[in-house]
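An overview of the molecular structure
Spelled out, the chains give:
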Amino acid sequence: MSSNFTVPLSKVIGELSLDTIYMPGDPEDILISSTDVNRPGLELNGFYDYYDTRRILIFGNAEASFLRSISSDKRSTVLNEIFSQKPPAAIIARSIEPMSELLEAVKVHEIPLLTTPETTSSLVASLVSFMNVELAPRITRHGVLVEVYGEGILLVGDSGVGKSETAIELIKRGHRLIADDAVEIRKVSAKSLVGQAPDNIRHFIELRGIGIINARRIFGMGAVKLTEKIDMVINLEIWDNNKVYDRMGIDSEYTEILGIKVPVLTIPVKPGRNLAIIIEVAAMNNRQKKMGYNAAQELMQNLGMDISVLQESEKKLDLDL
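Residues numbered from 1 in each chain as written. Predicted model: local features only at pLDDT ≥ 70, side-chain atom pairs only at ≥ 80, totals over all residues. Heavy atoms only, no water.

Our focus in this paragraph is the overall build of the protein chain. Each helix and strand counted, the protein chain has 10 helices and 17 strands in total. Since a compact globule built from 321 residues should have a radius of gyration of about 20 Å, the 26 Å found for the protein chain marks it as more spread out than a globular shape. For the protein chain, the C-alpha atoms occupy an extent of roughly 80 × 50 × 30 Å along the three principal directions. Residues counted as buried form 44% of the 321 residues belonging to the protein chain. For the protein chain, contacts bridging at least 24 residues in sequence account for 69% of all contacts bridging at least 6. Looking at the protein chain as shown, the accessible area adds up to about 17,100 Å², and 49% of this sits on carbon and sulfur atoms. (Helix = DSSP H or I, 4+ residues; strand = E, 2+ residues; numbered from the N terminus. Rg over C-alpha atoms; globule rule 2.2 N^0.38 Å. Buried < 20%, exposed > 50% of the residue type's maximum accessible area, 1.4 Å probe, protein only. Contact = heavy atoms within 4.5 Å. Areas by Shrake-Rupley, 256 points an atom, 1.4 Å probe, with all protein chains shown as cover.)

If you want it as structure tokens, here you go:
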């Protein structure tokens, strides 16, 4: 999978603790744009029809054994042909000693050569996982992201509705802040969204009447977190007496972010409502629903009511409104 984003090779080296054998330039200027890697099996035999030059090359025991099985001249020809395709970098797993022909080829074509003691499988898994996060599709949403009882809760709503004040109360109750005002959301897999704060505003919160505060400085390191998955969206809105709010919670509503469905609740705000406690209960209830338990459905069954009939009547009410 390719991406519109890039990550510098220097960051890959730091994340995976790679050692450098040959580096033709500044690794900060060498940009990786593919989440996939390439173990050159077919390419070692001259087949390049589906070769993606944006992928990092991985050499493990299998590739090294094949190269040792052919003559030095053939080895030199094969490696020069591969590196002439200009992959962004090559990594040797298991700290295998690089062959002279390999060293010569990367120097001729100016391809970075790195090494690691990790097994090939571990290296590939770590590299793909890291690149999936770094190159993930992303959007920025206005809101506040907090972790409540292990659940990532994205608070959204109109400006001034009380999102930041609610986040402060949650922090005081032992929960953690990830982002305030702007939340960068990444799609790290087909089912997972991860949110974080932009680097320049991380840990800062704006409180009207007070100004900007640094949550990490005031409440300590335990009050903040760098990233968190998004398990639920809570929409805070000013209480509208003419609006009918869900009082049963039999069915879950969803919103779509980057093509992934996320449970969403609308919580009306008015004086006297303790939003922090409501959000704590919402987080715990969402976790129960994920584990297959729905309190509203159990209550209906205890009362001998047909849930399907009630759901149909709720849908009809929504259509009438």
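Okay, back to it.
Here we come to the pairing of strand E5 (residues 56–59). Here E5 shows no split at all, with Ile56 and Ile58 on one side and Leu57 and Phe59 on the other all buried. Pairing of strand E4 (residues 37–38) with E5, which is carried by 2 bridges, proceeds in the parallel orientation. Each bridged residue has a counterpart across the sheet, and for Val37 the counterpart in E5 is Ile56. By the bridge criterion, 3 bridges tie E5 to strand E6 (residues 90–92) in an arrangement that is parallel. Residue pairing across strands places Phe59 opposite Ile92, the latter belonging to E6. (Pairing = 2+ DSSP bridges.)

Taken together, the side chains of Tyr149, Ile277, Val281 and Met284 make up a nonpolar region of the molecular surface, amounting to roughly 350 Å² of accessible area. Secondary-structure assignment places Val281 in helix H8 (residues 275–290). In this structure Val281 comes out as partly exposed when scored by relative accessible area, which is 47%. (Patch = residues over 30% accessible without salt bridge, like charges linked within 9 Å, V, L, I, M, F, W, Y side chains within 5 Å. Salt bridge = Lys/Arg side-chain N within 4 Å of Asp/Glu carboxyl O.)

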